[in-house]
Amino acid sequence: MKFSHIADAHLGAFSKNRKLSELNLKAFKIAIEKSIEESVDFIIIAGDLFHNPLPDMDIVKSTVSILQRAKEQGIRIYVVYGSHDFSAGTTSLLDVLSEAGVFRKVVRYEIHDGKLRLIPIKDPSGVYLVGMPGLTAAREVFYFLDEEQGIDREYLESVPNPKIFIFHTTVNELKPEYIADKNAVPLSRFPRGFDYYAGGHLHERIEHKLDSGYLTYPGALFGSNYSDLDVLTDKQRGFYIVEDFKPRFVPVKVCEFEKVVFKADGNSATELQKKLMEFASRNHEGRVVILKVRGELKSGKVADINFRAIRDKILESAIDVLVNTYALRSVESGRMSVPVEEQEEIERRVFEEISEYGLNFTVSLFNLLRQEKKDEETKSDFERRITQAAMDMIEHAVKNYIKSGEKSDKGELIARSEPEIETVDENAEDEVSENCDKKSEDIEESSPKEKTPEDEKRRKVKAGRVATLFDFG
Ligand SMILES: [Mn+2]
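Please read all numbers here as calculations on a predicted model, not as lab measurements. (Residues numbered from 1 in each chain as written. Predicted model: local features only at pLDDT ≥ 70, side-chain atom pairs only at ≥ 80, totals over all residues. Heavy atoms only, no water.)

## Comments concerning the overall build of the protein chain
Link 1 in the chain: Counting secondary structure elements, the protein chain contains 13 helices and 20 strands.
Link 2 in the chain: Within the protein chain, the proportion of its 473 residues that are buried is 49%.
Link 3 in the chain: At a minimum sequence separation of 6, the contacts of the protein chain that also span at least 24 residues come to 72%.
Link 4 in the chain: Surface exposure of the protein chain reaches about 23400 Å², of which carbon and sulfur atoms provide 47%. (Helix = DSSP H or I, 4+ residues; strand = E, 2+ residues; numbered from the N terminus. Buried < 20%, exposed > 50% of the residue type's maximum accessible area, 1.4 Å probe, protein only. Contact = heavy atoms within 4.5 Å. Areas by Shrake-Rupley, 256 points an atom, 1.4 Å probe, with all protein chains shown as cover.)

## Side note on the sheet that holds strand β13 (residues 206-209)
Link 1 in the chain: Here 6 strands make up an open sheet; going across it, the order is β7-β8-β9-β12-β14-β13 and the pairing mixed. If you trace the sheet from one side to the other, it starts and ends with β7 (121-122) and β13, each paired once.
Link 2 in the chain: As paired strands, strand β9 (residues 163-168) and strand β12 (residues 196-200) are joined by 5 bridges and run parallel to one another. Within the sheet, the bridge partner assigned to Ile 166 lies in β12 and is Ala 198. (Pairing = 2+ DSSP bridges.)

## Focus on the coordination of the manganese ion
Link 1 in the chain: The manganese ion binds to the protein through Asp 8 (OD), His 10 (NE2), Asp 48 (OD) and His 203 (NE2); the donor distances cover 2.0 to 2.3 Å.
Link 2 in the chain: When the donors of the manganese ion are listed by position in the chain, the intervening gaps give D-x1-H-x37-D-x154-H. Placement of the pair is Asp 48 in the loop between β2 (42-45) and α2 (57-72) and His 203 in the loop between β12 and β13, with a sequence separation of 155 residues.
Link 3 in the chain: Among the residues examined, Asp 48 registers a relative accessible area of 0% and is labelled buried. (Donors = N, O, S within 2.8 Å, 3.2 Å for Na, K, Ca; no water.)

## Some details on the sheet that holds strand β15 (residues 238-243)
Link 1 in the chain: Across the sheet, which stays open at both edges, the 6 strands sit in the order β4-β3-β2-β1-β15-β16 with mixed pairing between neighbours. Each edge of the sheet is formed by a strand with only one pairing partner; in this case those strands are β4 (104-105) and β16 (246-251).
Link 2 in the chain: Where strand β1 (residues 2-6) lies against β15, 4 bridges are found, and the strand directions are antiparallel. Bridge pairing links Phe 3 to Val 242 in β15.

## Points about the pairing of β15
Link 1 in the chain: Across the 6 residues that make up β15, a large majority, 5, are buried.
Link 2 in the chain: Two elements, β15 and β16, share 6 bridges in a ladder whose sense is antiparallel. Looking at the pairing, Glu 243 lines up with Lys 246 of β16.
Link 3 in the chain: With antiparallel pairing between neighbouring strands as the criterion, β15 and β16 make up a hairpin whose turn holds 2 residues, including Asp 244 at a positive phi of roughly 45°.

## Details of the side chain of Lys 105
Link 1 in the chain: Looking at the element boundaries, Lys 105 is found in strand β4.
Link 2 in the chain: A distance of 3.3 Å separates the side chain of Lys 105 from the side chain of Tyr 81, its partner in a polar contact. (Polar contact = N/O pair within 3.5 Å; in protein donor to acceptor, adjacent residues only side chain to side chain.)

## Comments concerning unusual backbone geometry
Link 1 in the chain: Of note, the bond from Asn 161 into Pro 162 is cis; its omega dihedral lies within 30 degrees of zero at -5°.
Link 2 in the chain: Within the secondary structure, Pro 162 sits in the loop between α5 (153-158) and β9.
Link 3 in the chain: For Asp 48, which is not glycine, the phi dihedral falls at a positive 55°.
Link 4 in the chain: Notably, Phe 245 is not glycine yet its phi reads approximately 65°, a positive angle.
Link 5 in the chain: Relative to the helices and strands, Phe 245 is located in the loop between β15 and β16.
Link 6 in the chain: Classification of Phe 245 by relative accessible area gives buried; the value is 16%.

Here you go:
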């Protein structure tokens with residue numbers, strides 16, 4: 001018995017960058033072709049096959065034609081939703097393709113005594129497959145954790161072997177350090193006794209041996225965004241061929257990545273520009289270049305460096321280039337000149353420059369923090385009082401900030417408009433877990449960002465919906 005385990009193909013990602021989206025599709029094509037060469041019995045896709053619930057039709061067409069080749073060889077294909085291709089309360093493209101018989105969606109459940117009973121599917125090889133999909137806002141974590149309404153683990157443990165558990169979520173003990181995903185499931189909350197646990201969601205490859213069998217994440221086949229490309233630069237990407245439940249990693253490489261970090265320290269803007277230009281003029285053929293420039297310029301301004309020209313030069317040979325100057329600054333930019341003399345006036349002007357949450361907030365917080373301990377107060381009482389007052393102030397400011405929907409530059413702590421979104425559930429206010437939520441700096445994209453604030457709002461509304469609908473089938 002032999003199958004392949006693929007996850008996080010994110011087809012349709014990099015929609016504004018044709019070269020990267022083609023490489024992404026190519027990686028998927030290679031994974032399927034290798035699976036066919038290996039004559040696997042079936043293919044498991046553990047979520048995020050598509051980057052969106054309703055991807056562009058040309059991506060759908062290419063995907064279907066790639067998958068058809070496997071089907072023609074009699075290979076069965078099993079898919080669960082990931083956090084990206086699931087859509088609460090509406091039909092996802094996965095549902096359509098599953099109906100059309102392109103693959104089989106392994107998401108079946110019943111509610112028994114209030115609990116979520118996942119129903120296995122039996123593959124002709126005799127293996128039982130159980131799927132727990134990724135949901136919007138990492139709602140699946142609730143089903144792993146909740147004793148009353150969560151997954152009926154006892155039932156799953158009674159399903160006869162051999163059996164495979166397919167899931168799309170973060171395992172707490174296995175997530176890489178840079179992932180700040182608070183929505184994670186401890187291993188103890190997985191049903192025991194499965195011969196293989198086919199994971200998706202974490203974009204880095206992970207292998208873990210449990211008592212009954214392996215739990216693995218193949219990781220992203222290419223990467224879903226610029227942050228992925230940065231974090232995964234030196235990592236091998238690919239998928240697993242699993243033979244008699246023993247996983248073997250199969251690398252898929254569609255291009256070379258070249259990451260270079262330039263330190264600006266000690267250089268003038270002109271000197272740094274010259275060094276960057278020298279680097280840009282090298283041959284970068286076949287590579288996606290990730291160029292990071294950081295540190296502090298000795299003289300001159302960041303704006304004096306012509307990054308457009310550097311990018312264009314690199315693109316003469318490279319497949320693509322991603323430039324990140326987030327951590328680059330000049331000595332000048334670190335100072336602020338305010339032409340007044342009164343201390344309070346100086347403070348006010350400086351705060352006007354830097355106030356993210358409004359001037360009143362910044363000044364109040366500043367005044368609070370410079371309070372001194374009262375004579376009758378102990379040191380710990382004093383610390384507690386200030387911390388509590390500061391936390392209240394911050395909470396209040398952040399709430400108003402969210403409500404007003406935009407940065408308040410005039411120092412108004414009162415909401416200027418009603419919230420535009422009515423979230424159905426308080427969970428929706430939680431940060432939406434976007435595939436892995438990596439904590440790396442943003443890389444300046446060579447094309448406009450894919451998501452607008454409107455998309456973001458829409459996503460939050462959706463997050464609210466799934467929580468109440470309970471429906472993911
Ligand atoms: Mn993903």
